[in-house]
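# Notes for the structure review
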Amino acid sequence: MKKLVLLLIILITLVNAQEQEAKKESDSLNVKTEQDIFFKNGFGTIYAKPMLKDKQLQENIKLQGEYNVEKNKNAVIKFNKLQYKGKLYDLSNPFSKKGRLKKRDIVMKKDSNILVTGGDKQEFLDIINSIKDDEKKSKDTKNNENDNTVSNASIPSSSYPSSSNDKGFSPLAYDNNNDDSDNDTSTSNDSLQQTVQCDPNFIKDGIATYYVQQGLICAGKTSNAYYPKYNTSSCPNKVDYEKNTIQLGSELYVTDIQAGEFLVRGCVYDDAIELLSEVGMCKAKPNYEKNTAQIQKQYYYIFKNQREDVGNCTPTDETINLESEVGSCTPGVDFEKNEAILRKQFFYVLDNQKVELGECTISDDRIPLENDLSSCEDERHDFTINKSFAQTQYFYTWQNVRYDIGDCVDAGENYIYNHYLDDTTCQYQVIDGRVLYKQRVAYDDLLGVKKFATDCQTTSSGGLEMQEEFAGYTYQDATKQAIRRINTYFFIPGTTTKEYVDKGIETSKAYPYIEKQCNVVNSDENLTTTFFREVTFEDTDENKLVELYPCQADKVIPYQKLSVTEVLVDTLTKQITLPSGTGYKILGTDKMLVGQPNWTRKSPNHTSSNVKAKSSVKTDLAYTYNYIKKYIGNNWLGTIFTGTIGDFTYKYSLGNWRTGGNVAFNTLSPKAVNISVTPNDTSKECGDNWCYDYGYIWRFALKPNYADNQIIDVIESQQDYLRADGTTYTQPNSGTLKYIAK
């Protein structure tokens, strides 16, 4: 039994040694960045996802690392940590990528695919399986015994070709069944030394069958989680550089969580694929004597959208001219001779990309040094000798381009400034009613401009006395009081200048408002009473009465309506009324009567006496009515009748035939008067073209339902009001007017 255990230990040691030897080769891995990378920052943290075939595993792990950009724009990305299930694990073999930036402000966008090398994908699996082992140990014994399936947590290498060390991890453990109390302990030594030959492992119908030796028994197990390994030591890739092709060799493996890794299918070569090459990944080999460089190329192939390099950079037959420049190299400096000793950088340009070779070397060029005071912001201060030294920037100019040398340095003896103390720019500190005085170290530069070498510091002890002065009031209308405010200050030492510490500070002094009514104004036009108020307070500290609000309107109260009073405001005489609708109105207006006219005042009808008339034509009634020329005997008659009806007068007059006189009225009388003419005596005396008509009677009468000589009272309904000050007011013209015939 001991010999068997010793044999297994030796086998395990050999397997581990092979695995360690395989790990010496580095792996390559495609990753996808998870954030934008701003190389101008110089350095920072970077996160990326490894591109794996097992997408569930890919989602659970993440690489973490950092990027650094050197002064010459060489950039290095290194992933040295693995995140898995919320925890962070260090990688002893980090994955990295190196390159040169075309410019420092370039940005690598999120989700960029990059190829990193130098790491060990086996280490991923070591970490994951170690975690799984810890989880498995925490399960109870029954679950361990019943779980005969292998939960493969390996990196699915089928997503990319891998080197020979791309193995799944499983701790190699020998199970000698020590826990089986039924073992026959009397087994002979001969039996223990027997070897067991297990059947070959195989794959059929997508299921891998492999055999695990347990003591003297081969225990068959199955798994569908087999995975390929490419370019292993037992199945290397076949490269044909003449035809530029490569055949990928692969083997299939499964990982048993207890017994390790098992080969389930031997070496198989895929069909040849194209072997590619490029020169961008390889620097040319310089020949400084010939001032040329031999271009090198890197062979590679693309498998499942992932690039894999083949071997190292290989020289080609092509050469390219070398160039040199001094701009990117820091020169040597000879301050005694005031010269810059230029150094040059060799480089070549390939595909519009500049590639530097080697380190900067000393050239034969020497350039005079210059210095620039304006490039340096601050002086250097020496508080031991109480002086400040102006700084200058040394530089040289090459091909019209300025190059600074080092940092700012002392400018020389002419730029040394003596220190003195200054307090004009310092803020004073108040503690317990005292002012602590502060000063700072100052100096005057070459132009006499005051500058400062230190911040303000307290230099006086005991402090200065702080004083106060009246600064006004804060008015609190809600509480009806004024709060006294003050300013606090002190005098700058040696002057009469006040330096205010605080302004407008409210004190505990409060003065209550004094409110007093100062006036009352009644507006009969607006029917309102306005009360006026003034507000003052007594400042007992300043011994004065302060007017806060002068006499001004405080509140406006409307009049209250009382009863209505009817007042005789006018009497109209000699009015004529006429019917209108269902009532009567005054002639010539739209004013309606209340009730009826006083019919007893109506003028009687008027009838004229018998009147002779002479007509210029044959007399008939119509002409007599419309065109009258009247006379008695041989005299012209003139006015024959006048009278009045109410305020209106009427007059009936005649003209002669020369003037064409007719009946005349004032403006409105004809509207109210009816006129009629009737013959009284029909005897005539006629000449050639005229006749005397004898006996015409004229009658004048008001139209039906018209009344004249009316006396009409105008009555107004006036509103009485009670003013807010207690007095009363009757508003004229505030009501309607009524017209009543007396």
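What comes next is a walk through the structure. (Residues numbered from 1 in each chain as written. Predicted model: local features only at pLDDT ≥ 70, side-chain atom pairs only at ≥ 80, totals over all residues. Heavy atoms only, no water.)

### Regarding the overall build of the protein chain
In terms of regular secondary structure, the protein chain is built from seven helices and 60 strands. Accessible area for the protein chain stands at about 43900 Å²; split by element, carbon and sulfur atoms hold 47% of it. (Helix = DSSP H or I, 4+ residues; strand = E, 2+ residues; numbered from the N terminus. Areas by Shrake-Rupley, 256 points an atom, 1.4 Å probe, with all protein chains shown as cover.)

### Quick look at the sheet that holds strand β9 (residues 202-204)
On the basis of which strands lie adjacent, the open sheet formed by three strands has the order β9-β10-β11 and antiparallel pairing. The sheet terminates laterally at β9 and β11 (217-223), the two strands that pair on one side only. Between one strand and the next, the sheet's axes are offset by a mean angle of 30 degrees, whatever the strand orientation. Across seven bridges, strand β10 (residues 207-214) lies against β11 in antiparallel orientation. Looking across to β11, one finds that Tyr211 is bridged to Gly220. (Pairing = 2+ DSSP bridges. Axes fitted to C-alpha atoms, helices over the stretch in contact; angles between N-to-C directions.)

### A closer look at the pairing of strand β21 (residues 306-321)
As paired elements, strand β20 (residues 292-303) and β21 share ten bridges and run antiparallel to each other. The residue of β21 that forms the bridge with Ala293 is Ile320. Connecting β20 to the antiparallel partner β21 that follows it, the hairpin turn spans two residues, and Lys304 within it adopts a positive phi of roughly 50 degrees.

### Looking at the side chain of Asp445
Inspection of the secondary structure puts Asp445 in the loop between β36 (438-444) and β37 (450-452). For Asp445, a relative accessible area of 13% gives the class buried. A distance of 3.0 Å separates the side chain of Asp445 from the backbone nitrogen of Leu447, its partner in a polar contact. When residues no more than four places from it in sequence are discounted, the contact partners of Asp445 are Tyr417 and Lys451. (Buried < 20%, exposed > 50% of the residue type's maximum accessible area, 1.4 Å probe, protein only. Polar contact = N/O pair within 3.5 Å; in protein donor to acceptor, adjacent residues only side chain to side chain. Contact = heavy atoms within 4.5 Å.)

### Concerning the state of the cysteines
Applying the stated criterion across every chain yields a total of seven disulfides. The disulfide bridge from Cys376 ends at Cys408, spanning 2.0 Å between sulfur atoms. Given an S-S torsion of about -95 degrees, the disulfide between Cys376 and Cys408 has left-handed geometry. Taken together, the residues span a long stretch of sequence, with Cys376 in the loop between β26 (370-372) and β27 (380-382) and Cys408 in the loop between β30 (401-404) and β31 (409-410) at a distance of 32 residues. On the basis of relative accessible area, Cys408 is assigned to the partly exposed category, the value being 31%. There is a disulfide in this structure between Cys426 and Cys456, and the S-S distance comes to 2.0 Å. Negative torsions about the S-S bond denote left-handed disulfides, and the value of about -90 degrees found for Cys426 with Cys456 makes this one left-handed. Of this pair, Cys426 sits in the loop between β33 (420-422) and β34 (429-431) while Cys456 is found in the loop between β37 and β38 (457-458), placing the two residues 30 residues apart along the sequence. (Disulfide = S-S within 2.5 Å.)

### Observations concerning the environment of Gly280
Among the secondary structure elements, Gly280 is positioned in the loop between β18 (276-278) and β19 (285-287). Sequence spacing of Gly280 and Val355 is 75 residues, and the spatial spacing of their C-alpha atoms is 9.6 Å.

### Thoughts on the sheet that holds strand β32 (residues 416-418)
Hydrogen bonding along the main chain pairs the strands of a sheet, whether they run parallel or antiparallel. Read across the sheet, three strands follow the order β27-β28-β32 without closing on themselves; strand pairing throughout is antiparallel. Two strands lie at the open edges of the sheet, namely β27 and β32, each paired on one side alone. Between one strand axis and the next, the sheet turns by 25 degrees as a mean value, whatever way the strands run. The sheet contact formed by β27 and strand β28 (residues 387-389) spans three bridges and is antiparallel. The residue bridging Asp382 from the neighbouring strand is Lys387, located in β28.

### Focus: the pattern of salt bridges
For the coordinates displayed, the defined rule picks out 25 salt bridges. Between Glu469 and Lys498 there is a salt bridge, and its shortest N-O distance comes to 2.9 Å. You can see Glu469 sitting in strand β40 (residues 467-476) and its partner Lys498 sitting in strand β42 (residues 498-512), a full 29 residues away along the chain. Note on Glu469: relative accessible area 21%, which makes it partly exposed. In this structure Lys498 comes out as partly exposed when scored by relative accessible area, which is 34%. The partner of Glu515 in a salt bridge is Lys480, with the nearest N and O atoms 3.1 Å apart. With Glu515 in strand β43 (residues 514-523) and Lys480 in the loop between β40 and β41 (481-491), this pair connects stretches of sequence that are 35 residues apart. Residue class for Glu515 comes out partly exposed when judged on its relative accessible area of 38%. One salt-bridge network, held together by shared partners, links Lys480, Glu515, Arg533 and Asp554. (Salt bridge = Lys/Arg side-chain N within 4 Å of Asp/Glu carboxyl O.)

### Description of the packing of aromatic side chains
With the rule as written, the count across this model stands at 20 aromatic pairs. Between Tyr721 and Tyr729, the aromatic rings sit 6.5 Å apart at their centres with planes inclined by 25 degrees, giving stacked as the arrangement. On the basis of relative accessibility, which here comes to 6%, the residue Tyr721 falls in the buried class. The structure contains a cluster of three or more aromatic residues connected by ring pairs, namely Phe470, Tyr473, Tyr475, Tyr511 and Phe537. Lying over the aromatic face of Tyr489, Lys498 brings its terminal NZ or CZ to 4.6 Å of the ring centre. The ring of Tyr500 has Lys503 sitting right over it, with the charged end atom 4.4 Å from the ring centre. (Phe/Tyr/Trp six-rings, centres within 6.5 Å; stacked < 30°, edge-to-face > 60°. Lys NZ or Arg CZ within 6 Å of the ring centre and 35° of its normal.)

### Topic: the nonpolar core
In this structure, Val31, Phe39, Leu63, Ile77 and Phe79 are the most contacted members of the largest nonpolar core, which totals 27 residues. Elements that contribute at least two residues to this core include exactly β1 (27-33), β3 (43-50), β4 (61-69), β5 (74-84), β6 (87-100), β8 (113-119) and α3 (121-137). Per element, the largest residue contribution to this core is five residues, and it comes from β5. With residues up to four places along the chain from it excluded, the contact list for Phe39 reads Tyr67, Val69, Ala75, Ile77, Leu101, Arg104, Ile106 and Met108. Listed in part, the ten residues of the second largest apolar core include Ile320, Phe346, Leu350 and Val355. (Core = buried A, V, L, I, M, F, W, Y, C linked by side-chain atoms within 4.5 Å.)

### Notes on the environment of Glu468
You can see Glu468 is positioned in strand β40. Look at Glu468 and you get exposed, because its relative accessible area is 55%. Distance from Glu468 to Tyr500, taken between C-alpha atoms, is 9.3 Å for residues 32 residues apart in sequence. The contacts of Glu468, once residues within four sequence positions are left out, are Ile486, Asn487, Thr488 and Tyr489.

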